[in-house]
Amino acid sequence: MSESQLPVPALPGRRGARRRDRRGRGLRGPLVPPTLPAWRTRADKFDDTVLRCVRRLEKRWPKELSGVEFAVEEVPPSDPAPWEHRTVALGRYFPADPPAGLTHRVVVYRRPVLARSEDAEETELLVRIVLVEQVAGMLGRAPEDIDPEYPGD
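Residues numbered from 1 in each chain as written. Predicted model: local features only at pLDDT ≥ 70, side-chain atom pairs only at ≥ 80, totals over all residues. Heavy atoms only, no water.

Draft legend 1. Expanded view of the pattern of salt bridges. The final tally for this structure, using the stated rule, is 9 salt bridges. Of the charged contacts in the structure, one is a salt bridge between R56 and D147, with a shortest N-O distance of 2.8 Å. Taken as a pair, R56 in helix α1 (residues 42-60) and D147 in the segment after α4 (143-146) lie far apart in primary sequence, 91 residues in all. Judged by relative accessible area, R56 falls into the partly exposed class, the value being 33%. A residue is classified by how much of its surface remains accessible, and D147, at 4% relative accessible area, is buried. Note that R111 and E74 form a salt bridge whose closest N and O atoms lie 2.8 Å from each other. Of the two residues, R111 sits in helix α2 (residues 110-115) while E74 sits in the loop between β1 (69-73) and β2 (91-94), which places them 37 residues apart along the sequence. (Salt bridge = Lys/Arg side-chain N within 4 Å of Asp/Glu carboxyl O. Helix = DSSP H or I, 4+ residues; strand = E, 2+ residues; numbered from the N terminus. Buried < 20%, exposed > 50% of the residue type's maximum accessible area, 1.4 Å probe, protein only.)

Draft legend 2. Summary view of the side chain of T49. Note that T49 resides in helix α1. Within the structure, the side chain of T49 is placed 3.2 Å from the side chain of R52, a separation counted as a polar contact. Residues in contact with T49, not counting those within four places in the same chain, are E124 and V127. (Polar contact = N/O pair within 3.5 Å; in protein donor to acceptor, adjacent residues only side chain to side chain. Contact = heavy atoms within 4.5 Å.)

Draft legend 3. Fine view of the nonpolar core. The biggest cluster of nonpolar side chains holds 23 residues, and the ones touching the most others in it are L57, L65, V113, V127, L131 and I146. Where this core is concerned, the elements lending two or more residues are α1, β3 (105-109) and α3 (120-139). What V113 contacts, discounting residues up to four positions off in sequence, is F46, L90, V108, T123, L126 and V127. (Core = buried A, V, L, I, M, F, W, Y, C linked by side-chain atoms within 4.5 Å.)

Draft legend 4. Geometry of the environment of A120. Locating A120 in the fold gives a position in helix α3. Look at A120 and you get exposed, because its relative accessible area is 62%. C-alpha of A120 to C-alpha of F46: the two residues are 74 residues apart in sequence and 8.8 Å apart in space.

Draft legend 5. Spotlight on α1. A rise of 1.5 Å per residue sets the reference length of α1, with its 19 residues, at 27 Å; its end C-alpha atoms lie 28 Å apart and thus fit the reference within 8%. Within α1 the residues assigned to the buried category are F46, T49, V50, C53, V54 and L57. Looking straight down α1, one finds that the buried residues subtend no more than 130° of arc, so they occupy a single side. Tucked inside the fold, the buried residues of α1 contact β1, β3, α2, α3 and α4. (Expected span 1.5 Å × (residues − 1). Arc of directions from axis to C-beta.)

Draft legend 6. View of the sheet that holds β2. What the 3 strands build is an open sheet, ordered β1-β3-β2; its pairing is mixed. The open sheet is flanked by β1 and β2, the only strands paired with a single partner. Across the sheet, the mean angle separating the axes of adjacent strands is 20° when strand polarity is ignored. In the sheet, β1 pairs with β3 via 5 bridges, with the strands oriented parallel. Looking at the pairing, A71 lines up with V107 of β3. Running over the sheet, α1 touches β1 and β3 and is turned about 160° from β1. Against the sheet, α3 contacts β1, β2 and β3, and its axis sits at roughly 25° relative to β2. (Pairing = 2+ DSSP bridges. Axes fitted to C-alpha atoms, helices over the stretch in contact; angles between N-to-C directions.)

Okay, here's the thing in structure tokens:
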């Protein structure tokens, strides 16, 4: 036990133990100010990476991607698709369902992507590959048609 966690004996005339911060305010300000890089979480940085890649695709295919929803989820659902036998999905395309009011949706799974990349540059490349492949599947085109700089296998 550290010194700050030691129980403080109750003083005569007072109920209970005295608090460490005497006015009960807690921290007086943010632990990390917004001007420092640590302010943004890893999840926020990953979302920014996905947004950069989506913007790049939307510049090239504005008409085709106008109604498509892009999303980031932590992990894929526990029930894999039939073609995902013994693999972990990095992303998935969900077709539109007009009766249910759902548009086309492309999802990137954050944790599996981060587990397969070692740094920010590799993460961005992998996100780009996942998005290009999902959009290519949605549009029925080759990934090289969607992004001429597609790295491929």
